[in-house]
Amino acid sequence: MDLIPTLALMSILLPTLGGLLAFPMGDRARKGVVLAFSAAIIFVGGALTLLFLWDGKDTVTIGEDGLGSVDAWVWGITALDIALMAALIWLGARSRSIVAVVAAVVQLVLILGFESWKGFGEVPVVAFTIDRLALVLVAVCCIIGSLIAIFAIQYMEGRQKKGRFFAFVLLFLGAMNGAVLSNDLLWLFFFWEVTTLCSFYLIYHDETDEAKASARLALEITLWGGVALAVGIVYAGWKLDTLELDQLTASADLAGIALIVPAMLFVGGMTKAAQVPFQSWLLGAMVAPTPVSALLHSSTMVNLGVYAIFRMAPLLKLYTPLTVTVAILGAISFAATAALALTQSNVKRVLAYSTIGNLGLIVMCVGINTPASLVAAVFILLFHAVSKGMLFLSVGVIDHEVKTKDIEEMGGMSEKLPFVTWVIVLGAISMMIPPFGLFAGKWLSVEAATNMPMLLLLLGVGSAATIIYYTKWVGRLISRTEAPPKAEEHLSPYYKYTLAPIAGGIVLLSVLTPFLANGYAFEMLPEGYADPHETAASDLLATDSYLWIGAIFLFMAVGMFVGLSMIRVDDKDRRKVYTCGEPIEPQVAGHYFGGEATATLLTDLAVSVCAGLAIATLLLPVISEVV
Amino acid sequence: MDWLWLVIATVITAIAPFAVAYLQGVDRRITARMQNRVGPPLLQPIYDILKLLSKTKVAVNKGQLVLATMYVTMSILAFWMFLAGADLLIIFFILSAAAAFYTLAGYAVLSPYSQLGSTRELIQVIAYEPVLLLAFFGIWLVTGTFASEATDKMLILWLPLTFAALMLVLLVKLQKSPYDVAEAHTEIVGGPEIEYSGKFLAMVKVGHWYEAALMFAIISLFFGHPNIYVAFAGKLLIVLLAWFIVILVDNSTARLRFGQMARVVLTYGLALTVVNALLVWAVQQEVIPWP
Amino acid sequence: MGGPAGGDPLALKSLIKSPWILHFDTGSCNGCDIEIFASLTPKYDVERFGILNRGNPKHADVMVLTGPVTKKTKSRLLALYEQMPEPKLIIAVGDCACSGSPFTNAYNTEGGIDTCLPVDVYVPGCAARPEAIIDGVVKALEKLDKLAKGEPVQPAHMRGANDVPAEVSDGNAAMKAVLGPTAGPAAVKKEG
């Protein structure tokens, strides 16, 4: 049992060490370091997961005695925090952004002021907590994150400043684990801002004008999110006299102005998760190298935002208008970004909109705040992280080999890059089609949304749009002339052996969905929620569902087996396509529902509605105090 | 899990295509008579399938055939699961999966008609899916569950507007004018099915029949009665009524453009289902008095 | 050799019940084409034979051709023929299609369908009446019936050894076999 806390702490420290080591090294040595540390991190993540599951306990806490040298931790984090905020001020100044500088200064003032009032170096009762929710995120970060780092070794060949790149990637993994495991809100804040710093430098990496502008925008928006976070934390520490997450969420009598804590943390989470109206930074961040998009902007960092909102679920539940507003915001994000993805032909932007949409779905589920919806949120979180990471990596391979990010130029990719095409087909199918995990999450979320029926309209439009833009893209990839495929492409092993395990992981996790639900997710709900086994949610995921999901898998497997093995198209059966007999090679363009003008209109509409609602969430605590 | 019922469901799934084929034959006869001509024999669709099965194999590439197989698999699965009593929402997602595979099958060949047809099929999807979802929600409101087991409640009395909206969806799904946009037969020659022939065209047609069977099964949910014989007769009647309405509309209207189709189905369909849901909610909350 | 000679009896029997046509105009004045469309209308109603007008060779069984095959349409015609799966029939409708008249020796036409493809049924007339077209269709179905029963029929006819087309599409050995050196001489027999 002592192993679990040690592994958890190692998941924070090991990547940090790796990052620091990777920075000054030469190329070859750095490759070895990154590979070694990635392997180690995967091992740590996997071992932690297995041990935790085997142990069977709901939560493992690391208090004072589990930390080793308490002083090192406490004083280290305090000092680093102040240094970090100073660094962020400097970064804002260097990017010539008044907005960012002001935000960083406000953060510094708030935190310094609070700590000097409270007393520096306060030791938390429970420093780190490993529970089922945190474990999901740590596992994804360690395993998928490390695979992405390995992928990046090949991807970044020939690019400049690799030392800085890998340093920040590994540092980020450590910070992400730290943020998710933290129970002390100030430590959470520290790790949160470390991820902001990493995100800045990783978006900034190519140092083109576009990259600099996007990094600046990301800094501005996420720093103000950090301000919201700081306000919430300081209020909790000042008025509610607690800085620890478990104590905070256990308090069942938060009311009135004290609700500003969950509201502020919600808004902070929204900026991190790039929800509408804060979505522009994520779209801009797509100029970063593709492993960055996969790591930060789909699999891990944006999940930090929804993680914070998830933690606030019990508190949001205390005031119904607040939780309803959260749900509506999430649903509008989902529907709006799904519609916007229809208008885009740049595949990374399509995937970015899809990410924001799925995160919006998670936020909506948290807002609905029933046992079934929280289970749905976790499902979507897990499966989206894995599938989207894989999709981004595949897009990176296409970008590298064929030098294009435009869907219109990706026709016939199944001839040039068959392995990658199959991976993308699997990834896209796993995003929307039964029996994969995201389908289970969406299904649960629709069932849960019957509690708030006005959301069903947005859900319906959003899921229909999701099917359209993925099918459009996959259709483009597989459309080809009659010529049989050429010889297998020679993909670098770094690409093959990172994409293949993730693909296999998606299938494995999807097959295990009923077990994940019953055995894992149901046990994960915080205090104050009905036991899912007693509610209607259990009907959905009871023993019956094993058979349904099994039946679907079986049918699909049989269909695919029959199709792939028993169907042959010999040369003598092959014919040309029908072009009225004309000897032409058809060239077809895709349909982009409306183009730039529609996209701008829709964005403006969604941003204004959601900005209003976000302001409403901040005003609701005040209103509940007065009313 | 009631194993007997599963066996019954499998048997019904096996004979369903023949029933739908007969209904299609009736459709062509009635259409012919409406157009003041004789029309083909009632079993014509079966003859068509038999003929298609005996043609030699001709195809463009293997991918289209594999995807068509997946489409048919998902159609059969959706229908079987409906009979076996699965959650309506799972069936909704499997239907959308089937539509996605059908579209991909059309995209897999680089033929202008096929690609256009697939794009239009996607536009159809965005037109009817939200309406279908809200229709299922209406059913949930009245019966309290998403399970597809037949209920004793006479849903058509509770949900007449939703039934009308489902008529719109039925027209789209069955590729009937004015919404037969994807397989717009004289416009884009055959849409996604154009590069299929022989056995595989027969297979795709059977896939369509299973989808039609599923839609009819959903329509049949709208009649319920405690007495099993009355219920069976009523369900049959309501399906035939729906079928007749579809034939009538098919023969009296011209095809809409795809943008018009999406707009009409979405606006009217959503309006009808939302209003009906609100009315049902109002009656249940006793805001509106109802005997 | 072209047409469903010696095809599987069940295939032929089901083809009798559901012959789907592909109508193609190889350069006619559209007179015969209009008559073909007329026979699909309620007044003449060939749909009672199960005939459907598919626009697409991969769906069709019977190719209904008009026009004297201008030199430009020849390659398109052959491409469409190649895309049709077996068993298939060809009906030549109108005088132009049958023998090319009055354009037989023109500089820009091949002179009738049977210079390029083996024709099963000839329907003469200028323009051929719908009744004649329907009669031709019936004769085609009768031919199929006889073939299915194994009775002797007149084979599909093709003339014009000197008109082997250069643009045969690749990858179709069966087609090449069809268009290889054919029997030649001039006696044009009209069926029907």
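Note that this is a predicted model, so its numbers are computed, not measured. (Residues numbered from 1 in each chain as written. Chains lettered and ligands numbered in written order. Predicted model: local features only at pLDDT ≥ 70, side-chain atom pairs only at ≥ 80, totals over all residues.)

Participant: Can you lay out the overall build of chain B for me, pointing to particular residues and giving the numbers?
Facilitator: When you go through chain B residue by residue, the secondary structure sums to 10 helices and zero strands. Along the chain direction, N to C, the helices and strands of chain B fall in the order α-α-α-α-α-α-α-α-α-α. For 291 residues, the compact-globule estimate of 2.2 N^0.38 gives 19 Å, and the C-alpha radius of gyration of chain B, at 19 Å, lies within 12% of that figure. Each principal axis of the C-alpha distribution contributes one length, and for chain B these read about 60 × 45 × 40 Å. Taken across its 291 residues, chain B has 58% of its residues classed as buried. Long-range contacts, defined as pairs at least 24 residues apart, comprise 75% of the intrachain contacts of chain B with a sequence gap of at least 6. (Helix = DSSP H or I, 4+ residues; strand = E, 2+ residues; numbered from the N terminus. Rg over C-alpha atoms; globule rule 2.2 N^0.38 Å. Buried ≥ 20, exposed ≤ 12 C-beta atoms within 10 Å, placed from the backbone. Contact = placed C-beta atoms within 7 Å.)

Participant: Run through the sheet that holds strand 2 (residues 52-53) of chain C, naming residues and quoting values.
Facilitator: All names here are of chain C. If you walk across this open sheet you meet the five strands as 2-1-3-4-5, and the pairing is parallel. In this open sheet, the two edge strands, each paired with only one partner strand, are strand 2 and strand 5 (121-123). Across two bridges, the pairing between strand 1 (residues 20-25) and strand 2 is parallel. Counterpart to Ile21 in the pairing with strand 2 is Asn53. Across the face of the sheet, helix 5 (residues 130-149) comes into contact with strand 3 (62-66), strand 4 (89-93) and strand 5 while running at roughly 170 degrees to strand 5. (Pairing = 2+ DSSP bridges. Axes fitted to C-alpha atoms, helices over the stretch in contact; angles between N-to-C directions.)

Participant: Lay out the environment of Leu564 of chain A in plain terms, naming residues and giving numbers.
Facilitator: With respect to the helices, strands and loops of the structure, Leu564 of chain A is situated in helix 25 (residues 543-566). Along the backbone, Leu564 of chain A and Gly232 of chain A are 332 residues apart, and their C-alpha atoms lie at a distance of 56 Å.

Participant: Lay out the pairing of strand 1 of chain C in plain terms, naming residues and giving numbers.
Facilitator: Side chains on a regular strand alternate between the two faces of the sheet. All names here are of chain C. Among the six residues of strand 1, five are classified as buried, and the element is accordingly described as predominantly covered. For the handedness criterion, the β-α-β arrangement of strand 1, helix 2 (residues 31-40) and strand 2 is classed as right-handed. Here strand 1 runs beside strand 3; their pairing, made up of five bridges, is parallel. Among the inter-strand pairings, Asp25 is bridged to a residue of strand 3, identified as Thr66. (Right-handed = clockwise from strand over helix to strand, strands pointing away.)

Participant: Please provide a residue-by-residue account of the interface of chain B and chain A, values included.
Facilitator: Facing the 48 residues of chain B at the interface are 48 residues of chain A. Mapped onto the side of chain B that touches chain A, the elements with two or more residues apiece are helix 3 (62-83), helix 4 (88-107), helix 5 (112-143) and helix 10 (258-284) of chain B. Among the elements that make up the side of chain B that touches chain A, the one with the highest residue count is helix 5 of chain B (14 residues). Residue composition of the side of chain B that touches chain A, grouped by class: 34 nonpolar, 10 polar and four charged. (Nonpolar A, V, L, I, M, F, W, Y, C, P; charged D, E, K, R; others polar.)

Participant: Can you break down the packing of helix 5 (residues 132-155) of chain A against helix 12 (residues 290-299) of chain A residue by residue, with the values?
Facilitator: Residue and element names in this part refer to chain A. Relative to each other, helix 5 and helix 12 sit at 165 degrees, their axes nearing to 9 Å. Comparing their axes, helix 12 and helix 5 come out roughly antiparallel. The hand of the helix 5/helix 12 crossing is left-handed. In contact with Val140, Ile144, Gly145, Ile148, Phe151, Ala152 and Tyr155 of helix 5, helix 12 contributes Thr290, Pro291, Ala294, Leu295 and Ser299. Of the residues assigned to the contact of helix 5 with helix 12, the class counts are nine nonpolar, three polar and no charged. (Parallel < 35°, antiparallel > 145°, perpendicular 65-115°, else oblique. Left-handed = near helix turned anticlockwise from the far one by under 90°.)

Participant: Help me get a handle on the nonpolar core, residues and values and all.
Facilitator: Counting residues in hydrophobic clusters, the biggest one holds 357 residues, and the most contacted among them are Cys365 of chain A together with Ala78, Ile94 and Phe101 of chain B. Membership of the second largest hydrophobic core comes to 48 residues, among which are Leu15, Cys32, Val46 and Tyr122 of chain C. (Core = buried A, V, L, I, M, F, W, Y, C linked by C-beta atoms within 7 Å.)

Participant: Outline the interface of chain C and chain A, listing residues and values.
Facilitator: With 14 residues of chain C at the contact, the number on the chain A side is nine residues. Every element with two or more residues in the side of chain C that touches chain A is listed here: helix 3 (71-83) and helix 6 (173-178) of chain C. The leading source of residues in the side of chain C that touches chain A is helix 3 of chain C, at seven residues. Classifying every residue of the side of chain C that touches chain A by side-chain character gives six nonpolar, five polar and three charged.

Participant: Mind laying out unusual backbone geometry, listing which residues take part and the relevant values?
Facilitator: Across the chain, the bulk of peptide bonds are trans and the bulk of non-glycine residues have phi less than zero. Cis peptide bonds are those with omega within 30 degrees of zero, and the linkage from Ser177 of chain B to Pro178 of chain B qualifies with 5 degrees. Residue placement: Pro178 of chain B occurs in the loop between helix 7 (160-173) and helix 8 (198-220). The omega angle of the peptide bond from Cys126 of chain C to Ala127 of chain C is 0 degrees, so this bond is cis rather than trans. Here Ala127 of chain C shows up in the loop between strand 5 and helix 5. The phi torsion at Lys403 of chain A lies on the positive side, around 60 degrees, for a residue other than glycine. In this fold, Lys403 of chain A is placed in the loop between helix 17 (371-402) and helix 18 (413-416). On the basis of neighbour count, Lys403 of chain A is assigned to the exposed category, with 8 C-beta atoms found within 10 Å.

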